[in-house]
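Notes for the structure review
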Amino acid sequence: MKQTLLHHRNILIVAVLALALCLSQRTVESYGDNLQIALPVAAFGCRIATGGGGDYAVRFLAMLGTVHLTKWGLGDARINIRPSGSLHGFPSGHMAAASFGASSLVNACIEKSPAVKTVVILAAFFVGGSRIESDSHTLWQVLAGALWALLFERGFRKATGRIRRLARKRKDDRMAAGTNTENISR
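Given the structure is predicted, the values throughout are model-derived calculations rather than measurements.

**Digging into the packing of aromatic side chains**
Overall, the coordinates contain six aromatic pairs when judged by the stated rule. Geometrically, the ring pair formed by Y56 and F100 is edge-to-face, given 5.1 Å between the ring centres and 65 degrees between the ring planes. Here Y56, found in helix α4 (residues 53-74), pairs with F100, found in helix α5 (residues 93-109); they are 44 residues apart in sequence, far enough to count as distant. You'll find Y56 and F100 in the same group, each marked buried.

Okay, here's the thing in structure tokens:
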């Protein structure tokens, strides 16, 4: 089954995005709302199929958590005010989620398909545009959401890989030295 999913992943990714659009109300805002869910969900499915689902989930949840902590922490700071006048606009969470999913898809799942890469990138851009069009965010709030996502998706991917390798090396070193927890407790 895993091989079938990997073999047909480009079709599955495009189908998920198309389904998100088909289930949307016919408004720019609704299309953006649904794509900001579909992109990270498609990426998560792909990462599960390729063996990186846990790492993806941790980085995505950390990214989303820090986005919302920032929105609440900035309070009524000017950068945090939405075009509509309400608070909690910086950074755009919709754009962060869409960009995180799109970056993961482009860099880990569909490296060899320029057409699907283009569709995914345009879908993420559309989410950002929908947030501006609906007066939910400013251009700067949208760009900050995209950069926030790239920091967590690309930047911390390398860091979590290094941490895993170091932990594995330490465990291997302890086992080779005969100092596992059973020998220490005796």
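Moving on, there is more to tell.
**Some thoughts on the packing of helix α3 (residues 28-50) against helix α6 (residues 114-133)**
In the contact formed by α3 and α6, the axes pass within 8 Å of each other and the chain directions differ by 135 degrees. Here α6 runs oblique to α3, going by the angle between their axes. Of the two possible hands of crossing, α3 and α6 adopt the one that is left-handed. Packed against α3, whose contacting residues are V28, E29, Y31, G32, D33, L35, Q36 and L39, the element α6 presents V120, A123, A124, F126, V127, S130, R131 and E133 at the interface. Of the residues contributing to the contact of α3 with α6, the split by class is nine nonpolar, three polar and four charged.

**Overview of unusual backbone geometry**
Between F90 and P91 the backbone carries a cis peptide bond, its omega angle lying at -10 degrees. With respect to the helices and strands, P91 occurs in the loop between α4 and α5. Residue H88 is not a glycine yet carries a positive backbone phi of 65 degrees. Tracing the backbone through its elements, the reader meets H88 in the loop between α4 and α5. We note that D135 has phi near 60 degrees; this positive angle belongs to a residue other than glycine. Its place among the elements puts D135 in the loop between α6 and α7 (139-177).

**Section: the nonpolar core**
Counting 30 residues, the largest nonpolar core has L17, L39, L105 and V120 as the members making the most contacts within it. Of all the secondary-structure elements, those providing two or more residues to this core are α2 (9-22), α3, α4, α5, α6 and α7. For this core, the leading source of residues is α5, giving nine residues. The contact partners of L39, leaving out residues within four places of it in the chain, are L17, A98, G101, A102, L105, V120, A123 and A124.

**Considering the packing of α5 against α6**
Here α5 crosses α6 at 175 degrees, and the two axes come no closer than 9 Å. Taken together, the axes of α5 and α6 are roughly antiparallel relative to one another. Residues H94, M95, A98, A102, L105 and V106 of α5 pack against K117, V120, I121, A124, V127, G128 and R131 of α6. Broken down by class, the residue content of the contact of α5 with α6 amounts to nine nonpolar, two polar and two charged.

**Quick look at the environment of A38**
Positionally, A38 belongs in helix α3. Sequence separation between A38 and I13 is 25 residues; the distance between their C-alpha atoms is 8.9 Å. Contact partners of A38, with chain neighbours within four places excluded, come to V16, L17 and A20.

Here is what the cut-offs are and how they apply
- Residues numbered from 1 in each chain as written.
- Predicted model: local features only at pLDDT ≥ 70, side-chain atom pairs only at ≥ 80, totals over all residues.
- Heavy atoms only, no water.
- Phe/Tyr/Trp six-rings, centres within 6.5 Å; stacked < 30°, edge-to-face > 60°.
- Helix = DSSP H or I, 4+ residues; strand = E, 2+ residues; numbered from the N terminus.
- Buried < 20%, exposed > 50% of the residue type's maximum accessible area, 1.4 Å probe, protein only.
- Axes fitted to C-alpha atoms, helices over the stretch in contact; angles between N-to-C directions.
- Parallel < 35°, antiparallel > 145°, perpendicular 65-115°, else oblique.
- Left-handed = near helix turned anticlockwise from the far one by under 90°.
- Contact = heavy atoms within 4.5 Å.
- Nonpolar A, V, L, I, M, F, W, Y, C, P; charged D, E, K, R; others polar.
- Core = buried A, V, L, I, M, F, W, Y, C linked by side-chain atoms within 4.5 Å.

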